[in-house]
Amino acid sequence: MKKLLGLIGLLAAALAIYLAVTPSPIDPLAWQAPQAPLMTGPLEPNDTLMKADLLAKGQIHGPEDTAVDAQGRTYASLHDGRIVRITADGTPETFVETGGRPLGMDFDAAGNLIVADAYKGLLRLAQSGKTQVLATEADGVPFRFTNDLDIARDGRIYFTDASSKFQQPDYLLDLLEARPHGRLLRFDPATGKTEVLLKNLYFANGVALSAKEDFVLVNETYRYRITRFWLSGEKAGTQDVFIDNLPGLPDNLQGDRQGTFWVALPSPRKADADFLHTQPWLKAQLAKLPRMFWPKPVTYGLVLAIDENGQITQSLHDASGSHLRMITSAKPVGDYLYMGSLDNDRIGRLKIH
């Protein structure tokens, strides 16, 4: 027993020395999160997600986002840098290897797949597989974490650079630092120019245009909120909070252009994570440690439907996380909702109409 206690003491001393001499990779700020909302009313837990069909189960890893082409074929952006297309028999075939980490994506009016690649920037993929880089910087600041996008009827592409400081493997460092490194951008294919619409966002993530395209929404993942930027009308050029204090971390965002936005929340709120935000010194020390010591997300499946007035109208749950978990995208296409995941091995498809 004395030897064991002695060993523990040595390990504790070594850890203390390591923390004392090792610089932290983050410069964190304190933040007081609002009290998490009660899971009642439209947030009441249910088993709706358990009813979803599972596509390519066990054959893919990390299908962050999905897209469906004019022929009804499903595409997914994977952890290994591939974009795959699901064949009629359910088998994924490689469509393109981007050489990066493809995240949000959607088809434009010409049938090209527009992709936000965390490393490569904003891409356009023709059906032949030919890849064109559309944008890699704005206002002289390179993209470090191109994340999600939506395409307007006039062809302009609204997209996000989640963080100008941290790249995709270090997204949790951005969370711990609690500083606004994100931007909302717009690319015009007619001119080839990219403009910055909003900056100083707290991990700019999902993007979605309204039905009339008079405003665009952007998820600020690490503030549990969605910000609105007005594109037309008397409020054009201004921003406000569309909905605040969400019950989880909002990731991708997609509108059906009929008045409903679908928000994927990969993890519900955790009290220990909210407490940690009040302790910048503790966050600085935690960032030095291996990820195995960091707070873990809840294994859960959660998607919200929100109307254009910023009211939650419906929630879809898998409380067990056994069927669908860590959901990072929820894309309405026709009568179905397609759901991707940061680290699961399947795509969910749920009939919603």
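Residues numbered from 1 in each chain as written. Predicted model: local features only at pLDDT ≥ 70, side-chain atom pairs only at ≥ 80, totals over all residues. Heavy atoms only, no water.

(A) Expanded view of the side chain of Asn112. Tracing the backbone shows Asn112 in the loop between β6 (102–107) and β7 (113–117). Note on Asn112: relative accessible area 18%, which makes it buried. Those residues within four positions of Asn112 in sequence are excluded, and the remaining contacts are Asp106, Phe107, Arg124, Leu125 and Ala126. (Helix = DSSP H or I, 4+ residues; strand = E, 2+ residues; numbered from the N terminus. Buried < 20%, exposed > 50% of the residue type's maximum accessible area, 1.4 Å probe, protein only. Contact = heavy atoms within 4.5 Å.)

(B) Quick peek at the sheet that holds strand β8 (residues 121–125). With respect to topology, four strands assemble into an open sheet ordered β6-β7-β8-β9, the strand pairing being antiparallel. For this open sheet the edge positions go to β6 and β9 (131–135), each flanked by a neighbour on one side alone. Between one strand and the next, the sheet's axes are offset by a mean angle of 25°, whatever the strand orientation. With four bridges connecting them, β8 and β9 associate as antiparallel partners. The residue bridging Arg124 from the neighbouring strand is Gln132, located in β9. (Pairing = 2+ DSSP bridges. Axes fitted to C-alpha atoms, helices over the stretch in contact; angles between N-to-C directions.)

(C) Structural detail: the packing of aromatic side chains. Summed over all chains, the structure comprises ten aromatic pairs. Seen from their ring centres, Tyr75 and Phe107 are 5.2 Å apart, and the 75° between their planes marks the pair as edge-to-face. Of this pair, Tyr75 sits in strand β3 (residues 74–77) while Phe107 sits in strand β6, and the two are 32 residues apart along the sequence. Under the relative-accessibility criterion, Tyr75 is labelled buried at 0%. (Phe/Tyr/Trp six-rings, centres within 6.5 Å; stacked < 30°, edge-to-face > 60°.)

(D) Spotlight on the pairing of strand β4 (residues 82–86). Judged by how many residues are buried, β4 sits mostly within the fold: four of five residues are covered. Here three bridges tie β3 to β4, and the two strands are oriented antiparallel to one another. Residue pairing for β4: Ser77 is matched across the bridge by Ile83. From the end of β3 to the start of β4, which pair antiparallel, there are four residues, and Gly81 there has a positive phi angle of about 95°. The pairing of β4 with strand β5 (residues 92–97) spans five bridges and is antiparallel. By the bridge assignment for β5, Val84 is matched with Thr94. The turn joining β4 and β5, which pair antiparallel and follow one another in sequence, is formed by five residues; a positive phi near 90° is taken by Gly90.

(E) Here's a closer look at the nonpolar core. Counting residues in each nonpolar core, the largest one holds 17 residues, and the members touching the most others are Ile226, Phe242, Leu304 and Ile306. Taken together, the elements giving at least two residues each to this core come down to β17 (215–220), β18 (225–230), β19 (239–243), β21 (260–264) and β22 (301–307). No other element matches the three residues that β22 contributes to this core. Residues within four places of Ile226 in sequence aside, it is in contact with Leu217, Val218, Asn219, Val241, Phe242, Ile243, Leu246, Leu253, Val263 and Ile306. (Core = buried A, V, L, I, M, F, W, Y, C linked by side-chain atoms within 4.5 Å.)

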